[in-house]
Amino acid sequence: MNDSEYMRRALELAESGVGLTSPNPPVGAVIVKGGEELGVGWHRAAGQPHAEVEALKDAVARHGMDAARGATVYVTLEPCCTQGRTGPCTTALVQAGVRRVVIGASDPNPAHGGKAAGILSKGGIEVVEGIEEAGSEELIRAFAKVQRTGLPWVIIKSALSLDGRITRTKGEGQWLSGPGSRAEVQDLRGEVDAILSSGETVRADNPRFTLRGDQKKEGKRQPWRVILTSSELGLPREAEIFTDAFADRTLVYKGQRIECVLRELVSDHGVVSVLVEAGGRLVGRLLDEGWADEVVFYLAPLLTGGPIPASGGEGVAELRQRVHLDHLRFRQIENDVRLRAILAGTSGELER
């Protein structure tokens, strides 16, 4: 195996931490010597050991105290070099006597970014950077946006008909997408720290926004349920979000600017990523004002008509102002088609 193959293995490990590590990023690490994988690790939660330390411990448990001496460590994110809730990973790598460290992405945190290579080199360690960089940066895109802007990564999720509507005739039920798509939404909820919706959606659908199904990750907390409302009607106190076992994970913001809400979620609640599950009015506003970074659309093979579009708002005055999508990924789920893509030209666009 070459460096890229081992780094892809580290990326697979890091995926295990997606949705669990906020406000930290997900990171994976692999230790290799003589073509043998000695130890692996991934960051499991804020305050717990980082991926490099997990991998070093795994190598020691499997092969003895000096297992990592002379080895190569593959890590998806530049090792930290400052004392936080855990010690500096650069110190742990030097003390372990590793010969070489291969890094996927630079740390966007200004307290760490760009410093690890110099520290490791002084410790006699060869450093290689930028291996599988694109995949490594995509993995930490939410964390990187928070570091750059103080705003969370915002994903808009919507199920819509072929004619772009999100409503069905009364009596037919609220679902447009099939059971396979709805099951995948649980995976999406497992990726994020908060679910954002509107008072209008709460009044109309009485949603729960809870994690359900067998695919729930161990250690995953119920995401914050964040409700924006400006109506004088108020919200029904008997709604599921106020009465279920996770009522303490519900936040209501009345008449506040979206930017202020998003920044408060980051600063006060450690939120790095947000999933929007709302009607066309709020979705349109988020797109109009440029707060969204990513979309996940489930296209159902239906023509429904009706007054409520998947995306409302003011729209664009000219075609050249339209929202462009990048990094498109399509997948068929039963009879539905899922599109997942990054919004190009936004503050959260992936840098390449």
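Residues numbered from 1 in each chain as written. Predicted model: local features only at pLDDT ≥ 70, side-chain atom pairs only at ≥ 80, totals over all residues. Heavy atoms only, no water.

A. Summary view of the sheet that holds strand 12 (residues 325–333). The strand order across the open sheet formed by eight strands is 9-8-7-10-6-11-13-12, and the pairing between neighbours is mixed. Strands at the two margins of the open sheet, each flanked by one partner only, are strand 9 (250–254) and strand 12. Within the sheet, the average angular offset between the axes of one strand and its neighbour, ignoring direction, is 20°. Pairing analysis gives seven bridges linking strand 12 to strand 13 (residues 336–343), with the strands arranged antiparallel. (Pairing = 2+ DSSP bridges. Helix = DSSP H or I, 4+ residues; strand = E, 2+ residues; numbered from the N terminus. Axes fitted to C-alpha atoms, helices over the stretch in contact; angles between N-to-C directions.)

B. Just the environment of serine 4, in detail. Topologically, serine 4 is positioned in helix 1 (residues 3–15). On the basis of relative accessibility, which here comes to 24%, the residue serine 4 falls in the partly exposed class. Considering only alpha carbons, one finds serine 4 and glutamate 132, 128 residues apart in sequence, at a separation of 6.1 Å. (Buried < 20%, exposed > 50% of the residue type's maximum accessible area, 1.4 Å probe, protein only.)

C. Looking closely at the pairing of strand 1 (residues 28–33). In terms of residue burial, strand 1 counts as a mostly covered element, since five of its six residues are buried. In sequence, strand 1 turns back onto strand 2 (residues 36–42) through a hairpin of two residues, with glycine 34 there showing a positive phi of about 60°. Sheet topology places strand 1 next to strand 3 (residues 72–77); four bridges connect them, and they run antiparallel. Residue pairing for strand 3: valine 32 is matched across the bridge by threonine 72.

D. Just the sheet that holds strand 5 (residues 126–129), in detail. With mixed pairing, five strands are arranged side by side in an open sheet as 2-1-3-4-5. Looking at which strands have only one partner, the edges of the open sheet turn out to be strand 2 and strand 5. Direction aside, the axes of adjacent strands within the sheet are offset by 15° on average. With five bridges connecting them, strand 3 and strand 4 (residues 100–105) associate as parallel partners. Note that in strand 4 the partner of tyrosine 74 across the bridge is valine 102.

E. The pattern of salt bridges, seen in detail. Within the structure shown, the criterion is met by 23 salt bridges. With a shortest N-O distance of 2.8 Å, glutamate 277 and arginine 189 are connected by a salt bridge. Here arginine 189 lies in helix 7 (residues 179–191) and glutamate 277 lies in the loop between strand 10 (273–276) and helix 11 (280–289), a separation of 88 residues in the sequence. The exposure classification of glutamate 277 matches that of arginine 189, with both residues buried. One salt bridge connects arginine 329 with glutamate 294, and the closest N-O pair in it is separated by 4.0 Å. Of this pair, arginine 329 sits in strand 12 while glutamate 294 sits in strand 11 (residues 294–299), and the two are 35 residues apart along the sequence. Note on arginine 329: relative accessible area 36%, which makes it partly exposed. For glutamate 294, a relative accessible area of 0% puts it in the buried group. Several salt bridges converge on common partners, so that one network encompasses Glu138, Arg141, Glu191, Glu294, Arg329 and Arg340. (Salt bridge = Lys/Arg side-chain N within 4 Å of Asp/Glu carboxyl O.)

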